[in-house]
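Here's the letter readout for the chains.
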Amino acid sequence: MDEKDLIIYFGTFSKILSPGFRMGWINAREEIIEKVNLIMQASALQTPTINALVISKYLDMFDIDEHVEKIRAVYKRRAQLMIDTMRAEFPPQVKFTDPDGGLFTWVELPEGIDTRELAPKAMAQNVAYVPGSGFYPSGNTKNCMRLNYSNATDERIVEGIKRLGKVLREALA
């Protein structure tokens, strides 16, 4: 469909194999790939060879598409569990996305609640989230957070959302 060879496609193994690998791929015109290589060399010097070897071996031995389908089903189930639990446990004035895919849901609290200030209270309950201000160029939006459902068991998702719901109810009281 790209008759003018304008599309640049990036992908990452971080979300489908291992977050620690921080390795991805690009499909683009050769001159674009050459420029990306220069940028990568300036920023990272060298991709860890062991990571590349592990990923290469995995791709030789296993069907990556089959693996992605399996984890998509797992993430979909976990996302739905988190959303259902949030609906039951979060105060009604808390809004959140109901994602169609991915690894995260976005939570918006009422104005005046700073999720950076709230984070230590959540951590005291053994619950962690990423404050939303880091996702805005100005950093001025302080009432949002990102929650990850990809790396926890069903039991931990439910318990974590219950604990976070308690923290949110107290903050909004």
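This structure is a prediction, so every number in the text was calculated from the model and none was measured. Counting restarts for each chain: residues are numbered from 1 in the order of the written sequence. Where totals are concerned, whole chains, interfaces and linings use all residues; where local detail is concerned, this predicted model gives features only for residues with pLDDT of at least 70, and gives and counts side-chain atom pairs only at 80 or more. The basis for the side-chain values is all heavy atoms of the structure; hydrogens and waters are excluded.

Caption draft 1: Main features of the overall build of the protein chain. Each helix is a run of DSSP H or I of at least 4 residues and each strand a run of E of at least 2, with the numbering of both proceeding from the N terminus. In terms of regular secondary structure, the protein chain is built from five helices and six strands. Helices and strands appear in the protein chain in the N-to-C order β-β-α-α-α-β-β-α-β-β-α. With C-alpha atoms as the basis for the radius of gyration, the globule rule is written as 2.2 Å multiplied by the number of residues raised to the power 0.38. Taking 16 Å as the expected radius of gyration for a compact globule of 173 residues, we find that the protein chain reaches 20 Å, considerably beyond that expectation. Counting only C-alpha atoms and orienting by the principal axes, one finds that the protein chain spans roughly 55 × 40 × 35 Å.

Caption draft 2: Broad picture of the sheet that holds strand β5 (residues 130–131). Pairs of strands are assigned from DSSP output, requiring at least two bridges between the strands. The four strands lie next to each other as β3-β4-β6-β5, forming an open sheet whose pairing is antiparallel. Of all the strands in the sheet, just β3 (95–96) and β5 have a single pairing partner and so form its edges. Here helix α3 (residues 64–89) sits on the sheet in contact with β3, β4 (104–108) and β6 (144–148), set at roughly 20° to β4. Throughout, a contact is declared for two residues whenever any of their heavy atoms are within 4.5 Å. Fitting a line to C-alpha atoms yields each axis, with helices limited to the stretch in contact; the angle taken between N-to-C directions then spans 0 to 180 degrees.

Caption draft 3: Unusual backbone geometry, seen in detail. Here D5, not a glycine, exhibits a phi torsion of approximately 55°, which is positive. Within the fold, D5 resides in the segment before β1 (9–12). For each residue, the accessible area found with a 1.4 Å probe, counting protein chains only, is set against the maximum for its type, and the residue is called buried under 20%, exposed over 50%, and partly exposed in between. For D5, a relative accessible area of 37% puts it in the partly exposed group. The phi dihedral of N126 falls on the positive side, at around 60°, and the residue is not glycine. If you trace the backbone, N126 turns up in the loop between α4 (115–124) and β5. Given a relative accessible area of 66%, N126 falls into the exposed group.

Caption draft 4: Quick look at helix α5 (residues 154–172). A helix is expected to span 1.5 Å multiplied by its residue count minus one. The first and last C-alpha atoms of α5 sit 27 Å apart over 19 residues, in line with the 27 Å expected at 1.5 Å per residue. Within α5, the full set of buried residues consists of I157, G160, I161, L164, G165, V167 and L168. One side of α5 holds all its buried residues, which, seen down the axis, span an arc of 165°. Exposed and facing more than 90 degrees away from the buried side of α5 are E155 and E170. On its buried face, α5 is in contact with α3, α4 and β6. The directions from the helix axis to the C-beta atoms are what the arc is built from.

Caption draft 5: Structural view of the pattern of salt bridges. What counts as a salt bridge is simple: a side-chain nitrogen of Lys or Arg found within 4 Å of a carboxyl oxygen of Asp or Glu. Counted according to the given criterion, the structure contains eight salt bridges. Residue D154 pairs with R77 through a salt bridge whose shortest N-O separation is 2.6 Å. One end of the pair, D154, is in helix α5; the other, R77, is in helix α3, with 77 residues separating them in the sequence. Take D154: its relative accessible area is 29%, and that puts it in the partly exposed class. According to the relative accessible area criterion, R77 is partly exposed, its value standing at 40%. Ionic pairing is found between E159 and R163, a salt bridge with its closest N-O pair at 3.0 Å. With E159 and R163 both in helix α5 and four residues apart, this pair spans about one turn of that helix. Residue class for R163 comes out partly exposed when judged on its relative accessible area of 29%. Through salt bridges with shared partners, a single network forms among D84, R87 and D98.

Note that all results are geometric; they support no functional claim without further evidence.
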